[in-house]
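Understanding the architecture of this molecule
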Amino acid sequence: MSRRRDERARPRSGRNADAFRCLHCRLDVPMSAPGTRHRNHCPNCLYSRHVDRDIPGDRAAECGARMEPIAISVRGDGEWVIIHRCTACDELGANRTAGDDNPLMLVRMATRPLAAPPFPLERLAAL
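Here's a quick rundown of the structure.

Analysis parameters
- Residues numbered from 1 in each chain as written.
- Predicted model: local features only at pLDDT ≥ 70, side-chain atom pairs only at ≥ 80, totals over all residues.
- Heavy atoms only, no water.
- Salt bridge = Lys/Arg side-chain N within 4 Å of Asp/Glu carboxyl O.
- Helix = DSSP H or I, 4+ residues; strand = E, 2+ residues; numbered from the N terminus.
- Buried < 20%, exposed > 50% of the residue type's maximum accessible area, 1.4 Å probe, protein only.
- Pairing = 2+ DSSP bridges.
- Expected span 1.5 Å × (residues − 1).
- Bend = angle between axes of the 7 residues up to and from the residue.
- Polar contact = N/O pair within 3.5 Å; in protein donor to acceptor, adjacent residues only side chain to side chain.
- Contact = heavy atoms within 4.5 Å.
- Axes fitted to C-alpha atoms, helices over the stretch in contact; angles between N-to-C directions.

Per the stated rule, a full pass over the model turns up four salt bridges. A salt bridge links R21 to D28, with the nearest nitrogen and oxygen atoms 2.9 Å apart. A salt bridge links E79 to R75, with the shortest nitrogen-to-oxygen separation between them at 2.8 Å. Salt bridges sharing partners connect three or more residues here, namely R75, E79 and R96.

What follows is the structure, given as structure tokens:
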């Protein structure tokens, strides 16, 4: 990722410090979100930024690259979690979904393995 693009994504003086600009779709995203205390993903495209290192909200990661949403996981209590992979260092991270996340994007990601299974669907008939 270029240094210039990285700098544009950071809050500047005069810009609302309670928001960030999505590195993927460029939407200005409020930091507060229903259902989570530490928003770091865009509710529109679900991309994130590699900002947390050890615990949610620590903002201790030095990478700062884009994190691509690659999957959905469901916790034991039924809560959906977005799995992100960093486009620079390949680290994986899990982020709670927020109440204002795009439901179409969430369902598209959850059904992706069913839409493109790693085997021919005809093999199911043989079972």
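We now examine unusual backbone geometry. Despite not being glycine, L46 has its phi angle at roughly 70 degrees, a positive value. You can see L46 is positioned in the loop between β2 (28-30) and β3 (48-49). For L46, a relative accessible area of 1% translates into the label buried.

Relative to strand β4 (residues 66-74), β3 is paired through two bridges, and the arrangement is antiparallel. Across the sheet, residue R49 finds its bridge partner in β4, namely R66. Here β4 folds back onto strand β5 (residues 80-86), and the loop between the two strands holds five residues, one of which, G78, carries a positive phi near 90 degrees.

Here the focus is the environment of P69. With respect to the element layout, P69 can be found in strand β4. Given the relative accessible area of 9%, P69 is considered buried. Sequence separation between P69 and C45 is 24 residues, and the spatial gap between their C-alpha atoms is 8.5 Å.

The next subject is helix α2 (residues 103-115). The end-to-end C-alpha distance of α2 is 17 Å, a good match for the 18 Å that 13 residues give at a rise of 1.5 Å each. At M109, α2 shows its maximal bend, which comes to roughly 30 degrees, and the proline P113 appears one to four places after that position. Here α2 starts with a cap whose side-chain oxygen sits 2.9 Å from the backbone nitrogen of L104, and that cap is N102.

Attention now goes to the sheet that holds β4. Overall, antiparallel pairing links the four strands, which are arranged β3-β4-β5-β6 in an open sheet. Of all strands in the sheet, those bounded by a partner on one side alone are β3 and β6 (92-96). As defined by bridge partners, β5 adjoins β6 across five bridges and the pair is classed as antiparallel. Counterpart to I82 in the pairing with β6 is N95. In the packing of α2 onto the sheet, the strands contacted are β4 and β5, and the crossing angle to β4 comes to about 70 degrees.

So, about the environment of N44. Take N44: it is sitting in the loop between β2 and β3. The sequence separation of N44 and N102 amounts to 58 residues, and the corresponding C-alpha distance is 5.5 Å. Beyond its immediate sequence surroundings of up to four residues, N44 is in contact with C25, L27, N102 and M105.

Residue position: S48 is located in strand β3. Only 2.6 Å separates the side chain of S48 from the backbone oxygen of N40, close enough to count as a polar contact.

All we've got here are geometric facts, nothing functional implied.
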